[in-house]
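Residue-level listing of the chains:
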Amino acid sequence: MFVRKYLLFGLVLVLAGCGAAAQQPAAPSPVAAPPSPTSSAVPSVAPRKDLSTLLPTDAELSALGVQSDGTPVPYLISENSPLVLVMACDGQHPWDLQAKEGLHAFWLPGHGDRAKQFIARYEGISGADVVTGIKKALSCGTVTSDDLSFTLAGEVPLPKVAGADNQYAFCGKVPHGVNLSHCYLLLSSGDKATVFSQGGTEKGSIAQTSKLFASIAPAFATALSRS
């Protein structure tokens, strides 16, 4: 009898313990740690090119009788001051707004007035397309330089210039017998285009400048094509 009571008492304790265990709340699952933030890749900005490296050196031009005149100056492009290589018919054109970098340089040729050069680097359009666009825009028949309007006097014939993917040269004259002329040499390579221009007053200046263009074009094209 005593043993039976003992077994019954032990069974009650066991059942009570199981009930208590069943009522015990389950331990909370560990909270997952928030994923560590991933750093967004910041696109690298390509450094701007020193456009002065796209100019021929005095040593490269010495045999041609041309030398630099002063330090080239970066052209500060803004919304109100786009870089216009050639102003055809007093108007701006879409490619003028696509020039993102520019440089202004001056040269002393062997004859005639001081010459100037602009280099432009474009985005969204190639230098070759810019030269083609300028050539088409000049079909209006006039070009403006130094606030003077020149009537086109015709294209300056040039042999194919090595290093340039497009080229065009032309001259203009002030009408009504005024002895003023201005000639332009356009070259392009990749996303860049340049214009070398020179004015003249003496008789035969167009012929002299045309000869100058033929001699210097290869040196300027080679420099422009440098990477």
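A brief look at the structure comes next. (Residues numbered from 1 in each chain as written. Predicted model: local features only at pLDDT ≥ 70, side-chain atom pairs only at ≥ 80, totals over all residues. Heavy atoms only, no water.)

This model, assessed by the stated rule, comprises 7 salt bridges. Residue Glu60 pairs with Arg226 through a salt bridge whose shortest N-O separation is 2.5 Å. Of the two residues, Glu60 is situated in helix 2 (residues 58-61) and Arg226 in the segment after helix 4 (205-224); the sequence distance between them amounts to 166 residues. Judged by relative accessible area, which is 38%, Glu60 ranks as partly exposed. (Salt bridge = Lys/Arg side-chain N within 4 Å of Asp/Glu carboxyl O. Helix = DSSP H or I, 4+ residues; strand = E, 2+ residues; numbered from the N terminus. Buried < 20%, exposed > 50% of the residue type's maximum accessible area, 1.4 Å probe, protein only.)

So, on to the side chain of Gln198. Relative to the helices and strands, Gln198 is located in strand 10 (residues 192-200). By relative accessible area, which is 1% here, Gln198 ends up buried.

All right, on to the packing of aromatic side chains then. Enumeration according to the criterion identifies 6 aromatic pairs in this entry. Here Tyr75 and Phe118 contribute two aromatic rings whose centre-to-centre distance is 6.0 Å and whose plane-to-plane angle is 80°, an arrangement assigned as edge-to-face. Placement of Tyr75 in the loop between strand 2 (73-74) and strand 3 (87-88) and of Phe118 in strand 5 (residues 115-122) is noted, with a sequence separation of 43 residues between them. Classification of Phe118 by relative accessible area gives buried; the value is 13%. (Phe/Tyr/Trp six-rings, centres within 6.5 Å; stacked < 30°, edge-to-face > 60°.)

Turning to the nonpolar core, a few remarks are in order. Generally speaking, a soluble globular protein has its nonpolar side chains buried in company with each other. Ranked by size, the top nonpolar core spans 28 residues in total, and within it Trp107, Leu185, Leu187, Phe196, Phe213 and Ile216 carry the most contacts. Elements with a minimum of two residues in this core: strand 4 (99-108), strand 5, strand 8 (166-173), strand 9 (181-189) and helix 4. Residue contributions to this core peak at 8 residues, all from helix 4. Once residues within four sequence positions are removed from consideration, Phe196 is found in contact with Trp107, Ala115, Lys116, Gln117, Cys183, Tyr184, Leu185, Leu212, Phe213, Ile216 and Phe220. (Core = buried A, V, L, I, M, F, W, Y, C linked by side-chain atoms within 4.5 Å. Contact = heavy atoms within 4.5 Å.)

So far we have only geometry, and geometry alone does not tell us how the molecule works.
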